[in-house]
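Examination of the molecular architecture
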Amino acid sequence: MKNPEATKKLRKAALNTRTGLGADATRDITGALNALLADTFALYLKTKNFHWHMSGPRFRDLHLLLDEQASQIFATTDDIAERVRKIGGTTIRSIGHIARLQRLSDNDADFVTPQDMLAELREDNLALAASLRETHGVCDEYSDVATASLIENWIDETERRVWFLFETAREAD
(Lines give C-alpha, C1' and ligand atoms only; values in the text may rest on other atoms or scores of the structure.)
Protein backbone atom coordinates (compact mmCIF):
# COMPACT_ATOMS: atom_id res chain seq x y z
CA MET A 1 0.00 0.00 0.00
CA LYS A 2 1.22 3.51 -0.84
CA ASN A 3 2.29 5.93 1.81
CA PRO A 4 -0.83 8.08 2.58
CA GLU A 5 1.33 11.14 3.26
CA ALA A 6 3.06 10.79 -0.11
CA THR A 7 -0.31 10.46 -1.85
CA LYS A 8 -1.61 13.55 -0.06
CA LYS A 9 1.51 15.48 -1.09
CA LEU A 10 1.00 14.50 -4.74
CA ARG A 11 -2.57 15.84 -4.68
CA LYS A 12 -1.25 19.21 -3.59
CA ALA A 13 1.70 19.25 -6.01
CA ALA A 14 1.81 21.96 -8.65
CA LEU A 15 1.23 20.95 -12.23
CA ASN A 16 4.48 19.61 -13.58
CA THR A 17 3.72 18.41 -17.09
CA ARG A 18 6.84 16.94 -18.63
CA THR A 19 7.38 18.47 -22.06
CA GLY A 20 11.09 19.11 -22.23
CA LEU A 21 10.41 22.84 -22.06
CA GLY A 22 12.01 24.72 -19.21
CA ALA A 23 10.30 26.96 -16.70
CA ASP A 24 11.09 30.11 -18.72
CA ALA A 25 9.62 28.59 -21.87
CA THR A 26 6.49 27.48 -20.05
CA ARG A 27 6.05 30.94 -18.51
CA ASP A 28 6.64 32.89 -21.72
CA ILE A 29 4.67 30.64 -24.05
CA THR A 30 1.81 30.37 -21.55
CA GLY A 31 1.68 34.17 -21.27
CA ALA A 32 1.61 34.62 -25.03
CA LEU A 33 -1.01 31.90 -25.50
CA ASN A 34 -3.25 33.31 -22.77
CA ALA A 35 -3.21 36.73 -24.45
CA LEU A 36 -4.12 35.00 -27.72
CA LEU A 37 -6.88 33.12 -25.95
CA ALA A 38 -8.32 36.35 -24.57
CA ASP A 39 -8.21 37.94 -28.02
CA THR A 40 -9.81 34.87 -29.54
CA PHE A 41 -12.69 34.99 -27.06
CA ALA A 42 -13.11 38.74 -27.71
CA LEU A 43 -13.15 38.16 -31.48
CA TYR A 44 -15.58 35.27 -31.10
CA LEU A 45 -18.02 37.40 -29.09
CA LYS A 46 -17.72 40.36 -31.48
CA THR A 47 -18.31 38.08 -34.46
CA LYS A 48 -21.40 36.59 -32.78
CA ASN A 49 -22.58 40.08 -31.83
CA PHE A 50 -22.39 41.19 -35.45
CA HIS A 51 -24.00 37.91 -36.57
CA TRP A 52 -26.93 38.54 -34.20
CA HIS A 53 -27.30 42.17 -35.25
CA MET A 54 -26.81 41.85 -39.01
CA SER A 55 -29.41 43.65 -41.11
CA GLY A 56 -30.06 44.72 -44.65
CA PRO A 57 -30.55 43.16 -48.07
CA ARG A 58 -27.57 40.79 -47.70
CA PHE A 59 -28.72 39.65 -44.26
CA ARG A 60 -28.89 35.93 -44.93
CA ASP A 61 -25.47 35.58 -46.58
CA LEU A 62 -23.69 37.78 -44.04
CA HIS A 63 -25.52 36.23 -41.09
CA LEU A 64 -24.38 32.76 -42.22
CA LEU A 65 -20.81 33.89 -42.99
CA LEU A 66 -20.36 35.37 -39.54
CA ASP A 67 -21.90 32.34 -37.86
CA GLU A 68 -19.46 30.07 -39.73
CA GLN A 69 -16.52 32.28 -38.77
CA ALA A 70 -17.62 32.48 -35.14
CA SER A 71 -17.81 28.70 -34.93
CA GLN A 72 -14.28 28.38 -36.32
CA ILE A 73 -12.95 31.00 -33.88
CA PHE A 74 -14.66 29.35 -30.91
CA ALA A 75 -13.21 25.96 -31.84
CA THR A 76 -9.73 27.47 -31.60
CA THR A 77 -10.25 28.50 -27.96
CA ASP A 78 -10.17 24.93 -26.70
CA ASP A 79 -7.05 24.12 -28.72
CA ILE A 80 -5.22 27.15 -27.30
CA ALA A 81 -6.25 26.43 -23.71
CA GLU A 82 -5.38 22.76 -23.96
CA ARG A 83 -1.95 23.60 -25.38
CA VAL A 84 -1.31 25.85 -22.37
CA ARG A 85 -2.16 22.96 -20.07
CA LYS A 86 -0.07 20.46 -22.06
CA ILE A 87 3.06 22.56 -21.59
CA GLY A 88 2.46 22.89 -17.86
CA GLY A 89 0.78 26.28 -17.65
CA THR A 90 -2.57 27.47 -16.40
CA THR A 91 -5.03 29.43 -18.45
CA ILE A 92 -7.70 32.08 -18.14
CA ARG A 93 -10.45 31.48 -15.65
CA SER A 94 -13.10 34.16 -16.13
CA ILE A 95 -14.58 36.89 -18.29
CA GLY A 96 -12.74 39.41 -16.10
CA HIS A 97 -9.44 37.64 -16.79
CA ILE A 98 -10.20 37.80 -20.52
CA ALA A 99 -10.94 41.52 -20.24
CA ARG A 100 -7.62 42.15 -18.51
CA LEU A 101 -5.63 40.31 -21.20
CA GLN A 102 -7.47 41.08 -24.43
CA ARG A 103 -5.89 43.47 -26.91
CA LEU A 104 -8.79 43.63 -29.37
CA SER A 105 -11.42 46.29 -28.76
CA ASP A 106 -15.02 45.47 -27.95
CA ASN A 107 -17.87 47.05 -29.89
CA ASP A 108 -20.88 47.95 -27.76
CA ALA A 109 -22.53 50.25 -30.34
CA ASP A 110 -26.30 50.06 -30.64
CA PHE A 111 -26.06 49.94 -34.45
CA VAL A 112 -23.22 49.10 -36.83
CA THR A 113 -23.70 48.97 -40.58
CA PRO A 114 -22.99 45.68 -42.30
CA GLN A 115 -20.05 47.23 -44.18
CA ASP A 116 -18.57 48.55 -40.93
CA MET A 117 -19.04 45.16 -39.28
CA LEU A 118 -17.11 43.43 -42.04
CA ALA A 119 -14.35 46.05 -42.00
CA GLU A 120 -13.97 45.90 -38.22
CA LEU A 121 -13.85 42.12 -38.18
CA ARG A 122 -11.31 42.14 -41.01
CA GLU A 123 -9.05 44.49 -39.05
CA ASP A 124 -9.45 42.44 -35.86
CA ASN A 125 -8.55 39.26 -37.72
CA LEU A 126 -5.50 40.99 -39.20
CA ALA A 127 -4.46 42.05 -35.69
CA LEU A 128 -4.99 38.48 -34.46
CA ALA A 129 -2.81 37.15 -37.28
CA ALA A 130 -0.05 39.57 -36.23
CA SER A 131 -0.33 38.40 -32.62
CA LEU A 132 -0.22 34.78 -33.76
CA ARG A 133 3.02 35.50 -35.62
CA GLU A 134 4.50 37.16 -32.53
CA THR A 135 3.58 34.12 -30.45
CA HIS A 136 5.11 31.86 -33.09
CA GLY A 137 8.34 33.82 -32.57
CA VAL A 138 8.21 33.10 -28.83
CA CYS A 139 7.75 29.40 -29.59
CA ASP A 140 10.70 29.52 -32.00
CA GLU A 141 12.91 30.99 -29.27
CA TYR A 142 12.29 27.90 -27.14
CA SER A 143 12.09 25.32 -29.95
CA ASP A 144 8.45 24.58 -29.12
CA VAL A 145 7.64 23.11 -32.52
CA ALA A 146 4.32 21.59 -31.43
CA THR A 147 2.82 24.93 -30.42
CA ALA A 148 4.38 26.64 -33.44
CA SER A 149 2.80 24.05 -35.72
CA LEU A 150 -0.65 24.67 -34.24
CA ILE A 151 -0.16 28.42 -34.61
CA GLU A 152 0.68 28.02 -38.30
CA ASN A 153 -2.73 26.42 -38.84
CA TRP A 154 -4.44 29.17 -36.84
CA ILE A 155 -2.69 31.81 -38.96
CA ASP A 156 -3.97 30.12 -42.11
CA GLU A 157 -7.53 30.03 -40.75
CA THR A 158 -7.31 33.67 -39.70
CA GLU A 159 -5.96 34.77 -43.08
CA ARG A 160 -8.82 32.91 -44.76
CA ARG A 161 -11.32 34.84 -42.63
CA VAL A 162 -9.58 38.11 -43.58
CA TRP A 163 -9.80 37.18 -47.25
CA PHE A 164 -13.50 36.29 -47.03
CA LEU A 165 -14.31 39.47 -45.12
CA PHE A 166 -12.36 41.58 -47.63
CA GLU A 167 -13.99 40.00 -50.68
CA THR A 168 -17.46 40.08 -49.13
CA ALA A 169 -17.16 43.79 -48.31
CA ARG A 170 -16.04 44.82 -51.80
CA GLU A 171 -18.48 46.94 -53.72
CA ALA A 172 -19.68 45.61 -57.06
CA ASP A 173 -17.67 46.99 -59.95
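Let us look at the structure shown here. (Residues numbered from 1 in each chain as written. Predicted model: local features only at pLDDT ≥ 70, side-chain atom pairs only at ≥ 80, totals over all residues. Heavy atoms only, no water.)

Before going further, it helps to spend a moment on the overall build of the protein chain. Per the secondary structure count, the protein chain includes six helices and zero strands. Along the protein chain, from the amino end to the carboxyl end, the secondary structure elements read α-α-α-α-α-α. Across its three principal directions, the C-alpha atoms of the protein chain cover 75 × 30 × 25 Å. When the 173 residues of the protein chain are sorted by exposure, 40% land in the buried category. Partitioning the intrachain contacts of the protein chain with sequence separation of at least 6 by distance along the chain shows that 81% fall at a separation of at least 24. Working note: accessible area of the protein chain is about 10,300 Å², and carbon and sulfur atoms make up 53% of it. Averaged over its 22 positive side-chain charges, the protein chain has a centre that lies 12 Å from the centre of its 28 negative ones. (Helix = DSSP H or I, 4+ residues; strand = E, 2+ residues; numbered from the N terminus. Buried < 20%, exposed > 50% of the residue type's maximum accessible area, 1.4 Å probe, protein only. Contact = heavy atoms within 4.5 Å. Areas by Shrake-Rupley, 256 points an atom, 1.4 Å probe, with all protein chains shown as cover. Lys, Arg positive; Asp, Glu negative; His and termini not counted. Charge placed at Lys NZ, Arg CZ, Asp CG, Glu CD.)

In this section: the nonpolar core. Core analysis: the largest hydrophobic core is formed by 35 residues, its most contacted members being Ile29, Leu33, Leu66 and Leu132. Listed by contribution, the elements that provide at least two residues to this core are α2 (23-52), α3 (59-86), α5 (114-141) and α6 (145-169). If one sorts the elements of this core by residue count, α2 sits on top with eight residues. Ignoring sequence-local partners within four residues, the contact set of leucine 132 consists of Leu36, Ile151, Trp154, Ile155 and Thr158. (Core = buried A, V, L, I, M, F, W, Y, C linked by side-chain atoms within 4.5 Å.)

To continue, consider α2. For α2, with 30 residues, the first-to-last C-alpha span of 43 Å sits near the 44 Å given by 1.5 Å per residue. When you tally the buried positions in α2, you get 21 out of 30 residues, the bulk of the element. (Expected span 1.5 Å × (residues − 1).)

A separate point is the pattern of salt bridges. Scanning the entire structure with this criterion turns up ten salt bridges. A salt bridge links arginine 122 to glutamate 123; the shortest N-O distance between them is 3.7 Å. Residue glutamate 123 is classed as partly exposed on the basis of its relative accessible area of 43%. (Salt bridge = Lys/Arg side-chain N within 4 Å of Asp/Glu carboxyl O.)

What follows is about the side chain of arginine 161. The topology assignment puts arginine 161 in helix α6. Engagement of the side chain of arginine 161 in a polar contact is seen with the side chain of threonine 158, the distance being 3.1 Å. Aside from chain neighbours lying at most four places away, what touches arginine 161 is Leu43, Gln69, Gln72, Ile73, Asn125 and Leu128. (Polar contact = N/O pair within 3.5 Å; in protein donor to acceptor, adjacent residues only side chain to side chain.)

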